[in-house]
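These are the residues of each chain, in order.
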Amino acid sequence: MPTVSAHVALTLAQHIDAVFGVMGNGNAYFLDAIESQTDAVFTAVRHEQGAVVAADAHFRASGRIAAGTSTYGAGFTNTLTALAEAVQAHVPLVLVVGDEPTSGPRPWDVDQIALASAVGARTYTVGRADAAATTVIAIEHALTYRVPVVLAIPYDVAALEAGAVPEAPAPRLPAPLAPRGEFAEGTLGEIAAALAGASRPFLLAGRGAWLAGAGEALGELARLTGALTASSALGRGVFPESQYDLGVTGGFGADGAMELVRTADVAVVFGASLNQFTMRFGELFAPGTRVFQIDIAPAATHPHVGGFVRADARLAAEELVTRVGSASPSAPWRETVDVAAARTYDEGDDLAPDGRLDPRSAARRIAELLPSDRVVVSDGGHFIGWANMYWPVAAPDRMMMVGTAFQSIGQGWPSVVGAALARRESTVVLTSGDGGGLMAIADLESAVRAAQGRGIAVIWNDAAYGAEVNLYGLKGLAEGPMRIPEVDFAAFGAAVGAEGVVVKTLADLDRLAAWAQEDATTRRFLLLDLRISGDVIAPYQQEIIRVNS
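Numbering of residues begins from 1 in every chain and follows the order in which that chain's sequence is written. Restriction of local features to residues with pLDDT of at least 70 applies here, the model being predicted, together with a cutoff of 80 or more for giving and counting side-chain atom pairs; totals for whole chains, interfaces and linings are based on all residues. Values reported for side chains reflect all heavy atoms of the structure, with hydrogen atoms and water molecules removed beforehand.

A. A look at helix α1 (residues 4-12). Here's how the labels work: a residue is buried when its accessible area is under 20% of the maximum for its type, exposed when over 50%, partly exposed in between, all with a 1.4 Å probe on protein chains only. Helical segments are the DSSP runs of H or I of at least four residues, strand segments are the runs of E of at least two, and each set is numbered from the N terminus. Counting buried residues in α1 gives 8 out of 9 residues, a clear majority hidden from the surface. Looking at the packing, one finds that the buried side of α1 touches α2 (28-37), β3 (67-70), β4 (93-99), α7 (131-145) and β6 (148-154). We call two residues in contact whenever any of their non-hydrogen atoms come within 4.5 Å of each other.

Rendered as structure tokens:
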């Protein structure tokens, strides 16, 4: 007869086809059922944090919810940083865990419900009679509220026979949030009139607009109004006409592009949270710009917003297209400016003054050599500016920064695992610093195994925690704790089956050019260990230094 764990596994597999995790006492029966009784694909990682990170990256890359799994106690507590990231980034996933027996905690048990709640994740605990129904409820909660949920299987319940698996209804998802009420209707009218009468209209979209499927409507709205466009870091590529797009706003934006944004007289923001980085710490828009925001958040997310509509980005954009009408401006702003020139970044030098590689020139050269069909996954740290500035991607689901919502590092390697399973035909490119790379080094093996010849890792190796050196070393604090002995990541990669290349000059990147031409089924995962200068500070970091000083 099926066990309680089998009820969970069989029900979960009706809606989720990818499970990532580490096996232990608390989830052994669940994993046995996943492997032997379902078609879901289980991928082992080497650290429990990686189970949640891989499920997170899988959703960001595919839009399909995935699951992580760990044992109870220490296995569960290892997932908490990744759970907090998924909560703050609004990523739905299910974490299946073992839990203390129903009879009460053992000496090694902890209050897992309280710990999950502390980082914002709700826990559903299954029983012998309701395991299938509770599993569906957990999935429905995750998808409805775009958050991770914990699905707990008590230790003394996991192997109990529970009878035939009952029919469970499919998760019910809410309809897109339509603008409602006289205030919303009036504000939409105000936005339409402002756009129609603007001399320099500007549209900004974030990841929420992509998740809403608003790209086509936003493109039409930009065409009708002659607006220039741009995106948040997580929304890049959402507008279909890249020739009129200024790229990413905030510290990752090119100076010329950000100067153009400041000349806009009307700005409408769709599905972007307007955090401090997107808003350049309050300086993205000039004081005279009329700023409107459309989002599913309960209220405007920045004090510079003068008009707010709570609505789905696609529905609101379609409504604005109708209201603006078919009359295009006689001299559209976007056709009067040189967008390509405005988006230009500093090319950098071959080598920095200290003789180490200049990360700007390295990033530019790597961009020329990377396969066009690529998914970029990023760890956190000072280096995040280089990929975000120099490596364009085709759509928001092709650039993932797992960890930035919670300001954490060490989630890069397992991000490769989730993205590689979600995008089986694309090349997955990791960008990581040496600090985060070492923190999660256990899952280097997982990344190499999962991506194989479709995987590249670029390690920006400055022998330091660069962000801390830039923020606190410059203030005169002791730099000893901020420095890392230079590590040979190329050798690390070779130890687990990758091809490792130490890159000290731009000529050393010729190996990437050759690798990109080889058959993905026969070549190895490529790890590029870039020995970069820590003296070249990314523009976004310079902004942070300015604000903090």
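B. Region of the structure containing the packing of aromatic side chains. Aromatic pairing here means that ring centres of Phe, Tyr or Trp (its six-membered ring) are within 6.5 Å. Orientation follows from the plane angle: under 30 degrees is stacked, over 60 is edge-to-face, and everything else is tilted. Applying the stated rule across the entire model yields 7 aromatic pairs. With a centroid separation of 5.4 Å and an interplanar angle of 45°, the aromatic rings of Tyr-345 and Tyr-390 are classed as tilted. Of this pair, Tyr-345 sits in the loop between α13 (339-342) and α14 (359-369) while Tyr-390 is found in helix α15 (residues 384-390), placing the two residues 45 residues apart along the sequence. The same class applies to Tyr-345 as to Tyr-390, namely buried. For the pair Phe-489 and Phe-492, a centre-to-centre distance of 6.0 Å together with 50° between the ring planes defines the contact as tilted. Of the two residues, Phe-489 and Phe-492 both sit in helix α20 (residues 489-495), 3 residues apart, roughly one turn of that helix. As a reminder, the over-ring test applies to NZ of lysine and CZ of arginine, requiring each to be within 6 Å of the ring centre and within 35 degrees of the ring normal. Note that Arg-334 overlies the ring of Tyr-244, its terminal NZ or CZ placed 4.0 Å from the centroid. Across from the ring centre of Trp-515, 3.6 Å away, lies the NZ or CZ of Arg-523, which sits over that ring.

C. Representation of the pairing of β3. Both faces of β3 are covered, namely the face carrying Ala-67 and Thr-69 and the face carrying Gly-68 and Ser-70. Paired strands, in this sense, are two strands between which DSSP finds at least two bridges. Across 3 bridges, the pairing between strand β1 (residues 18-21) and β3 is parallel. Bridge assignment links Phe-20 to a residue of β3, and that residue is Gly-68. Across 4 bridges, the pairing between β3 and β4 is parallel.

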